[in-house]
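Analysis of the macromolecular model
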Amino acid sequence: MRKPRFLVILTVLTLLAIALAGCSNQTQEEKKSDALLLGFSQLGSESGWRIGNTKSVQEAAEAAGVRLMLENANQSQEKQLTALRSFIAYRVDVIAFSPIVQEGWDNVLREAKEAGIPVIIEDRTIDTDDETLYAVHVGSDFYSEGVMAGEYLLKKLSTLPPETTLNVVELTGTQGSSPMLLRSAGFRDTVAAEPRIRILDSVSGDFMISKGKECVRAMLEKYGAEFQVLFSHNDAMMYGALDAFGEYGLTSGKDVIVISVDGEQRAIDLLKEGKVNCVVECTPMLGEAIMQIARDLKDGKPVEREIYSSERAFTEFDDLSRLAPRGY
Ligand code: GZL
């Protein structure tokens, strides 16, 4: 029995649509295979800042049509080195990574150079004598972040009675990391000329909430009321410190002056509540810059060797009522 004419046409059109969809997918696959392939070694997930940094890279890669191979090293330099070598073996177009510590990268970066794979260092920096081992660093000026923390404390001291002295406990980030070394140097250089500010002690909380709490508990046991100012190298450790202050019966922001770095939304909220006195900004939103740099490197275009984020300090002296959401 002959099928009605419209059924024949419908069948042909359906088969044609399926065929085209297959072709367009194939075209999609072909397109994807030409897209820039970026190997990204992230150092861990130790703080809200780090999680925000990873999210920024993932979202920017998606928006830019960049194929992202993301490896999280969970605070291990060994795992980062393994990830970088896997990117080299896979012949990615560009490598990007945030080095957990400054030292120990020359050999693997030499291997990337010999493989002709350009390297972007994002966020933290490395210590090397061979400038040809990476193309670009994009991230924060950690030394100036330390300076801004010190400048806030000098301003705070100027509002207190002239006989006031301030003892500072420094809660540092990961030993040997560039933010730890440079924030400390910037802060100490800035307050060095003020005899009424004294660094009482320095202890590493490894950028983590739990270790920050442990360290501040120990410092309170050791120094008690002598502990007048906390300079925390990041917000995560500061959150742990606030718990320890509370356990000890101290009101942070009043009994103890609290200075932190990163600028997470939670830290800004604590600043607005008067529980923290100063939060120095360190933006994790580096994803878009990384994708643009990677594309320029792949296209053989000239790129800036050092790209610093522009950042500020938020303090108790500022009007924060119109501050935009932080996004991390
Ligand atoms: C700084 C970044 C630091 C953050 C911490 O750019 O490397 O590492 O300050 C994070 O929160 O752990």
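Residues numbered from 1 in each chain as written. Predicted model: local features only at pLDDT ≥ 70, side-chain atom pairs only at ≥ 80, totals over all residues. Heavy atoms only, no water.

Structural notes on the environment of Leu43
Mapped onto the secondary structure, Leu43 falls in the loop between β1 (37–42) and α2 (48–64). With 37 residues separating them in the primary sequence, Leu43 and Gln80 have C-alpha atoms 6.8 Å apart. Sequence-distant contacts of Leu43, defined by excluding residues within four places in its chain, comprise Arg50, Asn72, Ala73, Asn74, Gln75, Ser76, Gln80, Ser98, Pro99, Ile100 and Arg124. (Helix = DSSP H or I, 4+ residues; strand = E, 2+ residues; numbered from the N terminus. Contact = heavy atoms within 4.5 Å.)

Description of the pattern of salt bridges
One pass over the structure, following the stated rule, counts 22 salt bridges. A salt bridge links Glu273 to Lys275; the nearest nitrogen and oxygen atoms lie 3.2 Å apart. Notably, a salt bridge pairs Arg312 with Asp318, separated by 3.5 Å at the nearest N-O pair. Classification of Arg312 by relative accessible area gives partly exposed; the value is 36%. (Salt bridge = Lys/Arg side-chain N within 4 Å of Asp/Glu carboxyl O. Buried < 20%, exposed > 50% of the residue type's maximum accessible area, 1.4 Å probe, protein only.)

Some words on the confidence of the model for the protein chain
Confidence in the prediction of the protein chain, expressed as mean pLDDT, is 93, and 90% of residues score 70 or more. Mean pLDDT across the elements of the protein chain ranges from a minimum in helix α1 (residues 5–34), with 55, to a maximum in strand β8 (residues 229–232), with 99. Taken together, the stretch residues 18–24 has pLDDT below 50 and engages in 0 contacts with residues farther than four places along the chain or on a different chain. (pLDDT = per-residue confidence, 0-100.)

Some points on the pairing of strand β5 (residues 136–139)
Taking every second residue as pointing to the same face, both faces of β5 are buried, with Val136 and Val138 on one and His137 and Gly139 on the other. Bridge count for strand β4 (residues 119–122) against β5 is 3 bridges, and the pairing is parallel. The partner of Glu122 across the bridge, within β5, is Val138. Here β5 pairs with strand β11 (residues 306–308) via 3 bridges, running parallel. Bridging across to β11, Gly139 finds its partner in Tyr308. (Pairing = 2+ DSSP bridges.)

Observations regarding helix α5 (residues 142–158)
The terminal C-alpha atoms of α5 lie 25 Å apart, and with 17 residues this matches the ideal 24 Å at 1.5 Å per residue to within 8%. Along α5, the residues that are buried comprise Phe142, Glu145, Gly146, Val147, Met148, Ala149, Gly150, Tyr152, Leu153, Lys156 and Leu157. Looking at where α5 begins, the residue whose side-chain oxygen comes 3.2 Å from the main-chain nitrogen of Tyr143 is Asp141. (Expected span 1.5 Å × (residues − 1). Polar contact = N/O pair within 3.5 Å; in protein donor to acceptor, adjacent residues only side chain to side chain.)

Some words on the site of the ligand
Taken together, 13 residues form the shell around the ligand, and within it Glu46, Asp123, Arg124, Arg183 and Asp262 come nearest. Here an oxygen atom of the ligand sits 2.9 Å away from a polar atom, N or O, in the side chain of Ser47. A distance of 2.3 Å separates an oxygen atom of the ligand from a polar atom in the side chain of Asp123. Within the complex, 100% of the 310 Å² of free accessible area of the ligand lies under protein. Mapped by element, the contributors of at least two residues to the shell around the ligand are α2 and α6 (178–191). The residue inventory of the shell around the ligand, partitioned by class, reads 5 nonpolar, 2 polar and 6 charged. (Near = heavy atom within 4 Å. Areas by Shrake-Rupley, 256 points an atom, 1.4 Å probe, with all protein chains shown as cover. Nonpolar A, V, L, I, M, F, W, Y, C, P; charged D, E, K, R; others polar.)

Focus: the side chain of Glu264
By secondary structure assignment, the location of Glu264 is in the loop between β9 (257–262) and α9 (265–272). Glu264 has contacts with Ser47, Gly48, Trp49, Asp235, Tyr239, Arg326 and Tyr328, leaving out every residue within four places of it along the chain.

With respect to helix α4 (residues 106–114)
Residues that lie three or four places apart on an α-helix share one face, since the helix turns once every 3.6 residues. Those residues of α4 that sit buried are Val108, Leu109 and Ala112. On an axial view of α4, the arc spanned by its buried residues comes to 100°, and they lie on one face. More than 90 degrees from the buried face of α4, the exposed residues found are Asn107 and Glu114. Tucked inside the fold, the buried residues of α4 contact α3 (77–89), β3 (94–97) and β4. One or two residues past the end of α4 sits Gly116, with phi positive at roughly 75°. (Arc of directions from axis to C-beta.)

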